[in-house]
Amino acid sequence: SEEIHFSRRLKKWGRNRGLGFVIIPLSVDTSMRKFQWYSRRQLLGWAFTLLLCPWLLRSKRHCAVWYRRPPPT
């Protein structure tokens, strides 16, 4: 969500200086490696846990799927 906070601050900064702000529509292809590395059960487990306990998003330990790579096989 850093992009959202940055965009809002940039828009406010520009407005104070009489400048415009436009978000350019651009699509980006993302990596699907997480779906290859982790089982469907693991991914769904993480998703349900974070949906039921959203405050866990503040903990790096509970968001390991974004920070950790599985060990090489």
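So, a few notes on the structure that sits alongside this text. Model, not experiment: these values are computed from the prediction.

**A few points about the overall build of the chain**
For the chain, the count of helices and strands is 4 helices and 0 strands. For a compact globule of 73 residues, the expected C-alpha radius of gyration is about 11 Å, and the chain comes in at 18 Å, more than 25% above that figure. Projected onto the principal axes, the alpha-carbon positions of the chain cover approximately 55 × 30 × 20 Å. Counting over 73 residues, the chain shows a buried share of 11%. When contacts within the chain are restricted to residue pairs at least 6 apart in sequence, long-range pairs at least 24 apart make up 33% of them. In the form shown here, the chain has an accessible surface area of approximately 7,400 Å², with 59% of it arising from carbon and sulfur atoms.

**Details of a nonpolar patch on the surface**
A cluster of nonpolar side chains, F6, L10, W13 and L19, forms an exposed patch at the surface whose accessible area comes to about 400 Å². Mapped onto the fold, F6 is located in helix α1 (residues 2–16).

What counts as what
- Counting from 1, residues in each chain are numbered in the order their sequence is written.
- Confidence filtering applies because this is a predicted model: local features only for residues at pLDDT of at least 70, side-chain atom pairs given and counted only at 80 or more, and all residues used for totals across whole chains, interfaces and linings.
- Computation of side-chain values covers all heavy atoms of the structure but excludes hydrogens and water.
- Helix and strand assignments follow DSSP, with helices taken as H or I runs no shorter than four residues and strands as E runs no shorter than two, numbered in order from the N terminus.
- Note that the radius of gyration is over C-alpha atoms, with the globule rule given as 2.2 Å times the number of residues to the power 0.38.
- Burial here depends on accessible area, computed with a 1.4 Å probe over protein chains only, as a share of the maximum for the residue type. Under 20% is buried, over 50% is exposed, and the range in between is partly exposed.
- Residue contacts are counted whenever heavy atoms from the two residues lie within 4.5 Å of one another.
- Surface exposure here means Shrake-Rupley accessible area, sampled with a 1.4 Å probe, where a residue is shielded only by the protein chains that are shown.
- Patches in this entry comprise residues that are over 30% relatively accessible and not in a salt bridge; like charges within 9 Å are linked, as are nonpolar side chains (Val, Leu, Ile, Met, Phe, Trp, Tyr) within 5 Å.
- One side-chain nitrogen of Lys or Arg within 4 Å of one carboxyl oxygen of Asp or Glu is enough to make a salt bridge.

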